[in-house]
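Each chain is listed here by its residues.
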2 protein chains.
Amino acid sequence: MASPFTDFDLMRNLRQDGSKIVLLVMDGLGGLPATPGGRTELETARTPNLDGLAESGSLGLSIPVRPGVEPGSGPAHLSLFGYDPVRYMIGRGVLEALGIGFPLQAGDVAARGNFASVDGDGLITDRRAGRIGTEECIRLTGKLREASAGLFDDCEVFVEPVQEHRFVFVLRGEGLGGSLTDTDPQAVGRKPLPVRDESGRSEGARTAELVNRWAAHAREALADEPRANSLNLRGLAQDPGLPLFPDIFGMRAAAIAVYPMYRGVASLVGMEAIPFEGDRPRHEIDALVEAWEDFDFFFVHVKKTDSYGEDGDFDAKVREIETVDAEIPRILELGPGALIVTGDHSTPAVLRSHSWHPVPTLLWSPDAMPEAARGFGERACAGGQLGICHATTLVPQAMAHAGRLKRFGA
Amino acid sequence: MASPFTDFDLMRNLRQDGSKIVLLVMDGLGGLPATPGGRTELETARTPNLDGLAESGSLGLSIPVRPGVEPGSGPAHLSLFGYDPVRYMIGRGVLEALGIGFPLQAGDVAARGNFASVDGDGLITDRRAGRIGTEECIRLTGKLREASAGLFDDCEVFVEPVQEHRFVFVLRGEGLGGSLTDTDPQAVGRKPLPVRDESGRSEGARTAELVNRWAAHAREALADEPRANSLNLRGLAQDPGLPLFPDIFGMRAAAIAVYPMYRGVASLVGMEAIPFEGDRPRHEIDALVEAWEDFDFFFVHVKKTDSYGEDGDFDAKVREIETVDAEIPRILELGPGALIVTGDHSTPAVLRSHSWHPVPTLLWSPDAMPEAARGFGERACAGGQLGICHATTLVPQAMAHAGRLKRFGA
């Protein structure tokens with residue numbers, strides 16, 4: 001159905017202890033056929049384990065934001081965690097800062113920074129500075145840190161490397177804020193834009209002015225660099241102070257993700273990011289097994305399905321799905337009360353981008369209504385027992401199957 | 001996503017006269033397979049008449065409260081009547097009082113009473129006093145009525161039998177209210193609890209004190225009873241004053257139900273409870289035929305499907321569904337414009353309890369979109385023309401099929 005979004009007060013009233021829940025997210029899982037009459041990535045993948053769960057569990061299609069709305073990664077994950085992303089917004093800069101474990105403080109203004117290449121006229125020739133390596137990123141952020149020292153007498157500046165061409169910029173001081181625009185013109189052949197405040201509030205104007213001063217100063221410091229001789233700032237934002245997942249749903253929650261931003265959004269709602277070695281799905285399941293006794297809810301995030309979708313690599317996305325399928329038995333051996341397998345959004349390889357298509361979703365539990373045998377795929381999910389539901393309803397539905405919701409009313 | 005709930009103002013604006021509607025509710029209809037790969041109760045039942053309606057009518061799954069939320073009987077029925085149960089709450093005591101036809105007045109505080117057995121230390125040994133018979137219940141309530149006479153100078157007390165160990169307690173007086181807790185500790189080996197007020201309002205504190213005084217006095221009066229030597233009060237509440245079904249939807253509505261509580265919730269929204277002889281589905285359809293000319297909307301409630309589900313008796317639930325199926329032709333002979341066959345919630349025999357699973361729903365009408373022949377069952381309903389809809393949308397959809405809704409806009 002068209003769900004109402006998850007009602008946090010209702011959840012606080014109904015929640016109770018129960019069995020453990022795993023939310024396995026294959027980023028950008030949803031796809032499209034590569035050829036007319038063909039199969040999607042998920043339908044193409046050989047997934048005996050997921051097909052088995054689809055037979056004994058329930059299927060559906062989930063809508064991350066609103067029908068037809070293509071979600072960014074932050075909103076898409078907030079929705080999976082039960083938060084209507086239209087109501088609860090997080091700036092990209094905040095996610096990026098939290099993702100690298102930066103100790104963000106209330107009032108800090110954080111931005112996602114990208115090193116870029118510009119020509120003699122200051123026109124952008126490469127928005128990613130030729131995808132410089134992370135080592136180079138570390139050197140350049142050190143350079144910027146030095147250049148920023150003492151720039152402002154009433155504000156502190158932090159510049160931290162992320163990976164490749166990406167870094168985090170944080171401005172700390174009293175009375176910062178506003179609604180700040182990006183410097184990235186999103187195209188080559190144009191100059192970086194000045195940051196503007198759209199809030200109309202005084203702290204906004206002041207913050208925009210400070211950020212612009214820093215950006216100009218930082219670009220001067222980079223001027224002699226061969227590739228990364230400029231930069232852009234995106235998603236300037238402050239911590240929105242979201243209600244916390246453990247307080248709403250009564251579950252100690254762990255986040256297992258390779259990429260920083262996903263640990264970031266998870267920690268923003270009060271999940272604990274679990275450190276682990278390695279970057280493959282099997283390493284993430286190792287971490288899941290390791291942490292099993294210490295938490296009630298586990299968010300496990302697989303990134304490459306989305307990366308390959310964005311690259312337009314249909315076959316590689318298929319293989320990554322198969323790699324995840326091979327790990328399913330290890331999850332089941334842990335004996336979860338409910339297992340959700342879904343994506344945060346669709347990333348069809350043929351589109352090379354996130355898309356608005358609803359996301360194939362599987363909810364397995366010993367008490368789930370079993371679907372007829374039809375495998376796990378977009379077409380199989382349409383018409384399943386979960387229907388076309390809003391992604392915010394998945395956690396409550398998993399809680400029900402895990403015995404974590406009391407009866408409503410007499 | 002369609003709008004989740006029914007908009008009462010919209011209904012008041014669009015409603016018009018049309019043909020008659022029957023809402024046939026098999027309580028706890030939804031089920032689960034008893035064995036892996038098996039069929040549910042409804043899928044197992046031989047239901048040639050319902051299967052025929054499923055072929056010429058539309059199917060769907062309805063969600064009573066919210067996805068994943070297991071409903072109590074009161075909220076589940078309010079939702080079927082078009083009321084979002086999260087917005088419109090009814091205390092159990094109110095339902096119980098209305099269910100026995102008690103002339104509840106505004107301001108009355110009503111409770112569901114249970115006779116109980118306690119040991120020498122006052123610890124509960126049986127929360128149902130060995131399920132004493134209704135005759136015994138009548139004798140005991142008479143005893144309590146006498147004992148209550150003149151107990152309060154500014155309040156009146158009513159004690160009415162329901163069935164077996166259950167009775168209704170009503171306190172009538174000026175300035176009663178509050179948010180009152182139950183005395184039932186929900187476990188044996190513990191003493192009944194004192195009623196507490198959680199509203200923090202003065203009338204709440206006073207009402208709690210009056211109820212506690214009565215309970216202590218009543219338990220003294222029962223002290224010499226062999227089995228029912230104590231009691232508990234649950235669901236202390238006042239009539240919430242809901243908007244009335246006939247005013248919202250423009251239909252004179254009749255309620256045909258064997259069990260008190262279902263007549264109670266129906267009369268609370270302005271339906272007229274029809275008295276009739278007998279307690280089987282055929283007797284209820286006799287009453288339907290009898291009352292056909294006098295109303296526009298008929299709520300017919302079959303209880304035993306839920307009772308057998310709660311008992312874990314899969315086969316008996318199957319048989320009761322088949323018994324209801326046999327009555328379908330008599331309903332169709334009356335020529336309704338629309339017939340809804342559904343449950344208020346699921347009660348899978350394998351779970352021996354209400355559950356959160358969406359409810360198989362059938363909407364038959366001469367103008368309904370016919371489904372492919374696939375019978376009436378949970379799996380067949382998924383992917384039907386009604387989709388997975390909130391239960392509050394069923395009455396409006398039936399009204400449309402019965403010609404009772406005007407076009408919206410030009």
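Residues numbered from 1 in each chain as written. Chains lettered and ligands numbered in written order. Predicted model: local features only at pLDDT ≥ 70, side-chain atom pairs only at ≥ 80, totals over all residues. Heavy atoms only, no water.

A. Representation of the overall build of chain A. Broken down by element type, chain A carries 15 helices and 13 strands. Computed over C-alpha atoms, the radius of gyration of chain A comes to 22 Å, within 12% of the 22 Å expected from 2.2 N^0.38 for 410 residues, which places it in the range of a compact globule. Burial status across chain A gives 59% buried among its 410 residues. Within chain A, counting contacts between residues at least 6 apart in sequence, those at least 24 apart form 75% of the total. For chain A, the accessible area works out to roughly 15,200 Å², and carbon and sulfur atoms hold 48% of it. (Helix = DSSP H or I, 4+ residues; strand = E, 2+ residues; numbered from the N terminus. Rg over C-alpha atoms; globule rule 2.2 N^0.38 Å. Buried < 20%, exposed > 50% of the residue type's maximum accessible area, 1.4 Å probe, protein only. Contact = heavy atoms within 4.5 Å. Areas by Shrake-Rupley, 256 points an atom, 1.4 Å probe, with all protein chains shown as cover.)

B. Up close: the layout of surface pockets. All names here are of chain A. Reported here for the second largest pocket is a volume of approximately 1,200 Å³. Around the second largest pocket, the lining comprises 40 residues; the ones closest to its centre are Ser73, Arg92, Arg112, Lys303 and Glu310. In terms of residue count, the dominant contributor to the lining of the second largest pocket is helix α11 (residues 304–311) (5 residues). For the lining of the second largest pocket, a count of residues per class yields 14 nonpolar, 11 polar and 15 charged. (1 Å grid on protein atoms, 1.4 Å probe; cavity = no way out; pocket = protein on both sides within 12 Å on 5 of 7 lines; lining within 4 Å. Points joined across faces, edges and corners; volume = space filled by probe spheres on them. Nonpolar A, V, L, I, M, F, W, Y, C, P; charged D, E, K, R; others polar.)

C. Quick look at the interface of chain B and chain A. If you look at the interface, chain B gives 39 residues, while chain A gives 32 residues. Viewed at the interface, chain A and chain B are joined by 1 salt bridge. Note that Glu70(B) is salt-bridged to Arg407(A), the shortest N-O span being 2.7 Å. Summed over the shared surface of chain B and chain A, the number is 7 residue pairs in polar contact (both at pLDDT 80 or more). If you list the elements that add at least two residues to the side of chain B that touches chain A, you get β2 (58–63), α4 (73–80), α14 (378–381) and β13 (387–390) of chain B. (Salt bridge = Lys/Arg side-chain N within 4 Å of Asp/Glu carboxyl O. Polar contact = N/O pair within 3.5 Å; in protein donor to acceptor, adjacent residues only side chain to side chain.)

D. Up close: the domain arrangement of chain A. Residues and elements named next belong to chain A. Along its sequence, chain A is carved into domain 1 (8–89 + 241–401) and domain 2 (95–237). Between domain 1 and domain 2, the C-alpha centre-to-centre distance is 32 Å. With 9 residues of domain 1 at the interface, the matching set in domain 2 holds 7 residues. Roughly 630 Å² is buried in total at the junction of domain 1 and domain 2, and carbon and sulfur atoms are behind 73% of that figure. Here domain 1 and domain 2 share 0 salt bridges between them. Taken together, the links from domain 1 to domain 2 amount to 0 residue pairs in polar contact (both at pLDDT 80 or more). (Domains from an automatic or database assignment. Buried area = accessible area lost by both parts, 1.4 Å probe.)

E. Main features of the packing of helix α6 (residues 134–148) of chain B against helix α7 (residues 202–222) of chain B. Residues and elements named next belong to chain B. The N-to-C vectors of α6 and α7 enclose an angle of 125 degrees; their axes lie 10 Å apart at closest approach. As summarised for this structure, α6 and α7 are arranged oblique, according to the angle between their axes. In terms of crossing hand, the pair formed by α6 and α7 is right-handed. Taken together, the residues of α7 that come into contact with α6 (itself represented by Leu140, Lys143, Leu144, Ala147 and Ser148) are Trp214, His217, Ala218, Ala221 and Leu222. Classifying every residue of the contact of α6 with α7 gives 7 nonpolar, 2 polar and 1 charged. (Axes fitted to C-alpha atoms, helices over the stretch in contact; angles between N-to-C directions. Parallel < 35°, antiparallel > 145°, perpendicular 65-115°, else oblique. Left-handed = near helix turned anticlockwise from the far one by under 90°.)

F. Structural view of helix α6 (residues 134–148) of chain A. All names here are of chain A. Here α6 spans 21 Å end to end across 15 residues, near enough to the 21 Å set by a 1.5 Å rise per residue. Buried residues in α6 make contact with β3 (109–118), β5 (155–163), β6 (166–173), α7 (202–222) and β7 (230–237). Glycine 150 sits one or two positions beyond α6 and adopts a positive phi of about 70 degrees. (Expected span 1.5 Å × (residues − 1).)

G. Summary view of the pattern of salt bridges. Considering all chains together, one arrives at 53 salt bridges over all chains under this definition. Across the salt bridge formed by Arg92(A) and Glu96(A), the nearest N and O atoms sit 4.0 Å from each other. In this pair, Arg92(A) and Glu96(A) both sit in helix α5 (residues 92–99), 4 residues apart, roughly one turn of the helix. Note that Glu198(B) is salt-bridged to Arg196(B), the shortest N-O span being 3.6 Å. Several salt bridges share partner residues, and in doing so they unite Glu136(A), Arg139(A), Lys143(A), Asp224(A) and Glu225(A) into one network.

H. How the structure looks around the sheet that holds strand β11 (residues 338–342) of chain B. Residue and element names in this part refer to chain B. If you trace the 8 strands from one edge of the open sheet to the other, you get β9-β8-β10-β1-β11-β12-β2-β13, paired in mixed fashion. Looking along the sheet, the strands with just one partner apiece sit at the ends: β9 (272–273) and β13. Examined bridge by bridge, strand β1 (residues 21–26) and β11 share 5 bridges and lie parallel to one another. Along β11, the bridge assignment pairs valine 22 with leucine 339. (Pairing = 2+ DSSP bridges.)

I. View of the sheet that holds strand β10 (residues 297–302) of chain A. All names here are of chain A. Spatial ordering of the open sheet is given by β9-β8-β10-β1-β11-β12-β2-β13, a layout of 8 strands whose pairing is mixed. Of all the strands in the sheet, the pair left with one neighbour each is β9 (272–273) and β13 (387–390). Here strand β8 (residues 253–257) pairs with β9 via 2 bridges, running parallel. Paired with alanine 254 across the two strands is glutamate 272, which belongs to β9. Docked against the sheet, helix α3 (residues 48–56) engages β1 (21–26), β2 (58–63), β11 (338–342) and β12 (359–364), running at close to 70 degrees with respect to β12.

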